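Given next are the chains, with one letter for each unit.
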Amino acid sequence: MTAQMKLLHVHAGSRSYQITRKEAERLGLPVVVSRSIVVVPPKPKSDPYARQMEKQSDDLKRRRLIAEIRRAEGLGASRTCRVIAMKVALRTGFFLSDLKRTCRKSPLVAARQRAIFGARVGTDKSLDVIGRFYGLDHTTVYYSVQEHAKRIGRDAPGMRCGR
């Protein structure tokens, strides 16, 4: 098999293709081959219509979040981890799924700590139960409560000092 006939793996978005180097050059793909893999960068989202649709999608998600909070409160579930997290997400501009991710960006961490603190203060749930909701260990929940209490200048509720 010659160098021209060697198959290249082309990754475009979520799809993968096998083509020859000659076909890649004919299609105008950047043929910088490293271990016979060619990566096609995704097209930038410079389309204003696409951005408008994204914004409408975010607005729709927010409206659904508000509706879900109202529905949960109507059922008498105003003091659950989920409802508290949804309220914090709405106030801070994040989504519930963002709060449950393991992202460590400062604004998101502060919002997550606020939600965890609210769950600890507003419910009778243990650190383990709150941690399971967020996918965290109970020690991480303990740390989040302590940090948010320091941030707002309060003592952490129901927490024993390790001293």
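In what follows, the structure referred to is the one given above.
Below, the structure is looked at part by part. Model, not experiment: these values are computed from the prediction.

Criteria and thresholds
Residues numbered from 1 in each chain as written. Predicted model: local features only at pLDDT ≥ 70, side-chain atom pairs only at ≥ 80, totals over all residues. Heavy atoms only, no water. Buried < 20%, exposed > 50% of the residue type's maximum accessible area, 1.4 Å probe, protein only. Helix = DSSP H or I, 4+ residues; strand = E, 2+ residues; numbered from the N terminus. Arc of directions from axis to C-beta. Contact = heavy atoms within 4.5 Å. Salt bridge = Lys/Arg side-chain N within 4 Å of Asp/Glu carboxyl O.

Points about helix 6 (residues 127-134)
Argument step 1. Regarding helix 6, the residues found buried are Leu127, Ile130, Gly131, Phe133 and Tyr134. The buried residues of helix 6 all sit within an arc of 155 degrees when viewed along its axis, so they share a single face.
Argument step 2. Buried positions along helix 6 lie against helix 3 (81-92), helix 4 (96-100), helix 5 (106-122) and helix 7 (138-152).

Examining the environment of phenylalanine 95
Argument step 1. Residue placement: phenylalanine 95 occurs in the loop between helix 3 and helix 4.
Argument step 2. Relative accessible area serves as the criterion here: at 17%, phenylalanine 95 is assigned to the buried category.
Argument step 3. Residues within four places of phenylalanine 95 in sequence aside, it is in contact with Asp58, Lys61, Arg62 and Ala89.

Side note on the pattern of salt bridges
Argument step 1. On inspection of all chains with the given rule, the structure shows one salt bridge.
Argument step 2. With its nearest N and O atoms 3.0 Å apart, the salt bridge here joins glutamate 147 to lysine 150. Of this pair, glutamate 147 and lysine 150 both sit in helix 7, three residues apart, which is roughly one turn of the helix.
Argument step 3. You can call lysine 150 exposed: its relative accessible area is 62%.

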